[in-house]
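Here is how the chains run, residue by residue.
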Number of protein chains: 2
Amino acid sequence: MISEVKDMNEILEQALLYDFYGELLTDHQKEVYEQFVLEDLSLGEIAREEGISRQGVHDLVKRCSQTLKGYEEKLHLVEKFVSVREKVKQIDELLDGYEKENAEELVADIRKISDEIIEEL
Amino acid sequence: MISEVKDMNEILEQALLYDFYGELLTDHQKEVYEQFVLEDLSLGEIAREEGISRQGVHDLVKRCSQTLKGYEEKLHLVEKFVSVREKVKQIDELLDGYEKENAEELVADIRKISDEIIEEL
């Protein structure tokens, strides 16, 4: 259910889904969905812009969200990528904390994460 | 054009595309495509198994290949993943070559690759 009050996590999730699967939407869907999710316009603003009803925008955005979520349910690519991104950030943080005396430990820790990433891919 | 003589690179590419986008095919398409690409059965064998003509199998496999390639042309997710996998392997190789005296260099090299992965994601 899409309401005018946008939840931040929902918006981030929608943006990520759009980033991965957006190219599978039609040009018209992309245009409207981008205005709602990425440019943060209200349903009323988009309705005026597109010359369709507020309800029409609402339905289109909802349908796009469902389509994108449908792709994710089948392919899980966002989930995979979020997990890999998290692990690469961990490697970065380990490198930030590098000190001469703990180099062996660092190498072991990075290898562990790197192996986890390979398994995930 | 699918011929009976399968090219190894083509097969690997098809398997990778199937791994990423296969869930977007129908159950029937998946069944036939798996037999051809993953189980390496011939068109004739699949035709007998499925009770359809050899030409029918040929056309179905060809259509599946085009569908999967179409997804990749739009989403480029296989390309991205292959590149990330390559970089993580580089990190692994650097870790393999770890020696106390070159730890600083190792850390710098890994950070460079890790940053490249983050940019890619």
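Everything quoted here is computed from the prediction, not taken from an experiment.

Overview of the packing of helix H5 (residues 77–96) of chain A against helix H6 (residues 103–120) of chain B
The geometry of a pair of packed helices is captured by two quantities: the angle between their axes and the separation between those axes. The interhelical angle for the contact between H5 of chain A and H6 of chain B, taken along N-to-C directions, is 150°, at an axis separation of 10 Å. Accordingly, the angle class assigned to the pair H5 of chain A and H6 of chain B is roughly antiparallel. The chirality of how H5 of chain A crosses H6 of chain B is left-handed. Along the contact surface, H5 of chain A presents Arg85, Val88, Lys89, Ile91, Asp92, Leu95 and Asp96 of chain A, while H6 of chain B presents Val107, Ile110, Arg111, Ser114, Asp115, Ile117 and Ile118 of chain B.

Considerations on the relation of the copies chain B and chain A
It takes a turn of 180° to lay chain B on chain A, together with a shift of 0.1 Å along the axis; the resulting RMSD is 0.1 Å. Expressed as an axis order, the relation between the two copies is that of a two-fold axis. Measuring from the rotation axis to each C-alpha of chain B, the shortest distance belongs to Ala103 of chain B, at 3.3 Å.

Overview of the domain arrangement of chain A
Interfaces are often described in size by the accessible area the parts lose on coming together. Residue and element names in this part refer to chain A. When the domains of chain A are assigned, the result is domain 1 (8–75) and domain 2 (78–120). Put simply, the middle of domain 1 and the middle of domain 2, counted by C-alpha atoms, are 34 Å apart. Taken residue by residue, the interface counts five residues in domain 1 and four residues in domain 2. Between domain 1 and domain 2 the total buried area reaches about 400 Å² when both faces are included, carbon and sulfur atoms providing 74% of it. Counting the surface domain 1 buries against domain 2, the share from its top three residues, Leu16, Phe20 and Glu72, is 91%. The tally of links from domain 1 across to domain 2 stands at zero salt bridges. If you tally residues by element for the side of domain 1 that touches domain 2, the top one is helix H1 (residues 8–21), at four residues.

Considering the nonpolar core
Tyr21 of chain A together with Tyr21 of chain B are the most contacted members of the largest nonpolar core, which has 46 residues in total. Sequence-distant contacts of Tyr21 of chain A, that is, excluding residues within four places in its chain, are made with Leu68, Tyr71, Glu72, Leu75, His76, Leu77 and Val78 of chain A together with Leu75 of chain B. If you look at the next biggest cluster of nonpolar residues, it comprises 22 residues, including Tyr98, Ile113 and Ile117 of chain A together with Ala103 of chain B.

Calculation criteria
Residues numbered from 1 in each chain as written. Chains lettered and ligands numbered in written order. Predicted model: local features only at pLDDT ≥ 70, side-chain atom pairs only at ≥ 80, totals over all residues. Heavy atoms only, no water. Axes fitted to C-alpha atoms, helices over the stretch in contact; angles between N-to-C directions. Helix = DSSP H or I, 4+ residues; strand = E, 2+ residues; numbered from the N terminus. Parallel < 35°, antiparallel > 145°, perpendicular 65-115°, else oblique. Left-handed = near helix turned anticlockwise from the far one by under 90°. Contact = heavy atoms within 4.5 Å. Least-squares fit on C-alpha atoms with pLDDT ≥ 70 in both. Domains from an automatic or database assignment. Buried area = accessible area lost by both parts, 1.4 Å probe. Salt bridge = Lys/Arg side-chain N within 4 Å of Asp/Glu carboxyl O. Core = buried A, V, L, I, M, F, W, Y, C linked by side-chain atoms within 4.5 Å. Buried < 20%, exposed > 50% of the residue type's maximum accessible area, 1.4 Å probe, protein only.

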